[in-house]
Amino acid sequence: MNELKYVIGGPQGGGLETTSEILSWAFARSGYGIISDREYFSNIKGRHSYVHATVSAIELPKHLSYPVDIVAAMDAETVFTHLSDLRDGGYLIYNSDDDSINYTNIPSMERDLRDRLSAQFKELGLDGTVKSIVKYLQNSRKIRIVALSFKELLMEIQKREGIVPSQASRYISTILVGAVAAITDISEESLDYSLRRRFTREDVYRHNRAMARIVIDLVKGQFGSELKLEQPRMGIKEILIASGNDAIAMAKIVTGVRFQAYYPITPAADESFTLEEYETLGGEGSVVVFQTEDELAAINAAIGAALTGTRSSVATSGPGFDLMVEGLGWAGQNEVPVVVTYYQRGGPSTGQPTRGGQSDLLSSVFASHGEYPRIVLASGDHEEAFYDAIDAFNYAETYQVPVIHLVDKFLANTIATIPMPNLDNVRITRGVLAPRGLKEYKRFDLSNAVSPRAFLGDYVMWYAGDEHDEYGHIDEDPINRIRMFDKRMKKLDIIERDISEERRYAYFGPEKPDLLLIGWGFVKGVATKAVYELNEKGIKAGYYHIRTFIPFPRNSLIKFANEIGANNLIAVEHNYMAQASKLVTMNTGIIINKSIVKYTGRPMYVHELINAVRNVLKGSTREVVSYGA
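Keep in mind the model is a prediction, meaning the values are calculated, not measured.

Trainee: Provide a residue-level description of the environment of asparagine 245, including the pertinent values.
Mentor: As for its placement among the helices and strands, asparagine 245 is situated in helix α9 (residues 244-254). Residue classification places asparagine 245 among the buried residues on the basis of a relative accessible area of 1%. Non-local contacts of asparagine 245, meaning those with residues more than four positions away in its chain, are made with Pro267, Ala268, Asp270, Glu271, Tyr343, Ala412 and Asn413. At 3.2 Å, the side chain of asparagine 245 and the backbone oxygen of proline 267 are in polar contact. Polar contacts involving the side chain of asparagine 245 include one to the side chain of asparagine 413, which spans 3.5 Å.

Trainee: Give me the lowdown on the pairing of strand β15 (residues 414-419), citing residues and values where you can.
Mentor: Note: strand β2 (residues 33-39) against β15, 3 bridges, orientation antiparallel. By the bridge assignment for β15, aspartate 37 is matched with threonine 414. Across 5 bridges, the pairing between strand β7 (residues 239-243) and β15 is antiparallel. Looking across to β15, one finds that serine 243 is bridged to isoleucine 415.

Trainee: Before we move on, could you go through the packing of α9 against helix α14 (residues 382-399) and cite the residues and values that matter?
Mentor: Taken N-terminus to C-terminus, the directions of α9 and α14 make an angle of 35 degrees; their axes are 8 Å apart at the nearest point. You can see that α9 and α14 cross each other, and the crossing is right-handed. Note on element contacts: α14 touches α9 through His382, Ala385, Phe386, Ala389, Ile390 and Phe393, opposite Gly244, Ala247, Ile248, Met250, Ala251, Lys252 and Val254. The class makeup of the residues in the contact of α9 with α14 is 10 nonpolar, 2 polar and 1 charged.

Trainee: Report on the nonpolar core, specifying residues and quantitative values.
Mentor: Side chains of a nonpolar character, in soluble globular proteins, are inclined to be buried together. In this structure, Tyr6, Phe27, Ile70, Ile93, Leu148, Leu191 and Val219 are the most contacted members of the largest nonpolar core, which totals 55 residues. The greatest single-element share of this core, amounting to 10 residues, is contributed by helix α8 (residues 202-223). Here valine 219 is in contact with Val146, Leu148, Ala179, Ala182, Ile183 and Gly224, once residues within four sequence places are set aside. Core analysis: the second largest hydrophobic core is formed by 51 residues, Ala331, Val336, Tyr372 and Val376 among them.

Trainee: Go over the pattern of salt bridges with me, naming the residues and quoting the values.
Mentor: A complete count under the given rule lists 46 salt bridges for this structure. The closest approach of N and O atoms between lysine 62 and glutamate 383, which form a salt bridge, is 3.5 Å. Taken together, the residues lysine 62 in the loop between β3 (48-56) and β4 (68-73) and glutamate 383 in helix α14 connect sequence positions 321 residues apart. Relative accessible area serves as the criterion here: at 27%, glutamate 383 is assigned to the partly exposed category. Residue arginine 201 pairs with aspartate 203 through a salt bridge whose shortest N-O separation is 2.7 Å. Linked by salt bridges that have partners in common, Lys62, Asp381, Glu383, Glu384, Asp388, Asp391, Arg503, Lys524 and Arg547 make up one network.

About the cut-offs
- In this numbering scheme, every chain counts its residues from 1 along its sequence in written order.
- Whole-chain, interface and lining totals are the exception, using all residues; otherwise, since this is a predicted model, local features are given only for residues with pLDDT of at least 70 and side-chain atom pairs are given and counted only at 80 or more.
- Derived side-chain values reflect all non-hydrogen atoms in the structure, with water molecules and hydrogen atoms excluded from consideration.
- Every helix listed is a DSSP run of H or I at least four residues long, and every strand listed is a run of E at least two residues long, numbered separately from the N terminus.
- Classification of residues uses two cut-offs on accessible area relative to the type maximum, computed with a 1.4 Å probe and protein chains only: under 20% is buried, over 50% is exposed, and between them is partly exposed.
- For this analysis, residues touch if any pair of their heavy atoms sits within 4.5 Å.
- N or O atoms closer than or at 3.5 Å make up a polar contact, with two conditions inside protein: a donor-capable atom paired with an acceptor-capable one, and, for residues adjacent in sequence, both atoms drawn from side chains.
- DSSP-based pairing: two strands are paired if at least 2 bridges between them are found.
- An axis is simply a line fitted to the C-alpha atoms; with a helix, the fit covers only the stretch in contact. Between two such axes, the angle follows the N-to-C directions and lies from 0 to 180 degrees.
- Each crossing is labelled by how the near helix is turned from the far one, with a counterclockwise turn of less than a right angle marking it left-handed and a clockwise turn marking it right-handed.
- In this classification, Asp, Glu, Lys and Arg are treated as charged, Ala, Val, Leu, Ile, Met, Phe, Trp, Tyr, Cys and Pro as nonpolar, and every other residue, Gly included, as polar.
- To qualify as a nonpolar core, a set must consist of buried Ala, Val, Leu, Ile, Met, Phe, Trp, Tyr and Cys residues joined through side-chain atoms within 4.5 Å.
- Any Lys or Arg side-chain nitrogen found within 4 Å of a carboxyl oxygen on Asp or Glu counts as a salt bridge.

Right, dumping it as structure tokens:
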């Protein structure tokens, strides 16, 4: 087989992330591509969490799909939650000590899921225990059951390694690692590399290595390695495995960011945490990562740092961005080159703090009262996120405007293998800077739309939230207002001229498709895979990926629409309104009447997108997809 899909589930805080990291590193070490999405509730510990992954021998995957080949369960709740996610003939790895647990006795389970299971079990004639589910899966769906007594395995490792009984439960995550490693035949060297990387203490590494070995021998003896992947054949010498948060943090260091302000918020905070790990850069200086008392203070601090000439940014999510908007407008009025890295999650209000979405597009494009120029970028995968982050700072300083870099939670919390970034083509552009020694300095010189920028301390200069003259003094004269306003807004014409159409979008599919999916952000991976599979099945489809909303890829989209016909355009988005389609209409006059949307907080999957496209071809104009636990 050239592709493997699995789900690993367990209680939040129970070691699930450790299991995922070890397996991801092991597959990557063996030369495979992997992408894994972590889904979790917004509590600290106890609620159900899971990792959904795709491993490939032929590509660096950017998509997720169901059904999966393996479900590995730390607890009974995982068995109940994901029993429908397994393909017929797949593998269920579970704790046989849980056989007598009934789904009605799991207090952390959502009431809605319990009600659905009740109806399902009644229809199937099951009593609701783990044992009855396992028997049904085995007999009716030919699922291969890997039943492991966690209690016996933990007693064995205690005896072999002399582990204190109270600490034995720490090794449950490695039981699942060993079982998956056995079935998929992960090499011993790759697994050992991952364990050493995760467990730096020699005794802890040794204990986990022993546990993995016990389980591997046990499972291989019973099942062999029936899901062994083909040898990888991607031909990539070096790969990087990172989350979206990490990719952007690395890019910020590369591009010279030396100040980041933030107030902790999911899922943005992880980026700042990564930056904090690398605050000291040796001979290259250091990064100041400043946790403020609230979000308005965060953007104001970043603005202040930018005025000193420091490349600065803030990272936030929906509720935080709402609070930053006043500061964002001030930056627009005063032509401050500040970058906002905006990690979207489910809203409104607190919404779904740990789930994903793309519902903040319109609020980004129109954020803050009044009018001022800005640039809005949106990243579709880890590679785009890396290079987009670099572009964001170059654009901010070149045009002296705020830049909003949109990322969604799916990308932020997804770990993926990507090619090592090519830094040969990375350029740092700081824009027009004022020379030293001027007798007089006008910060907002009207002779150019983009005035030469001096840093605080170079000259005496003034900044105000009010309308101002060339020096920065408050000035409400109507003629001055027109001049200053036109100066700022003319930057949009310059941006439109400078940033090429090719930079604003990407296209995937045949040269002349009959059907065009239009999307942005994390939709990219699933849409490109769906387009490939649709074409394999004789449906000539393409995917148009929007990378910048300001400036908008107007000309190319009009060309596609004229060739294909507006009736053959389908918006694909993670929001209710298909918000990008509204901006398409605003910028081009093209009305997109068909949409496939998902707003459950879970990412869109290949199988449901393909099914939705088929329904649109049969006459549906709006498909709402909802698969995922």
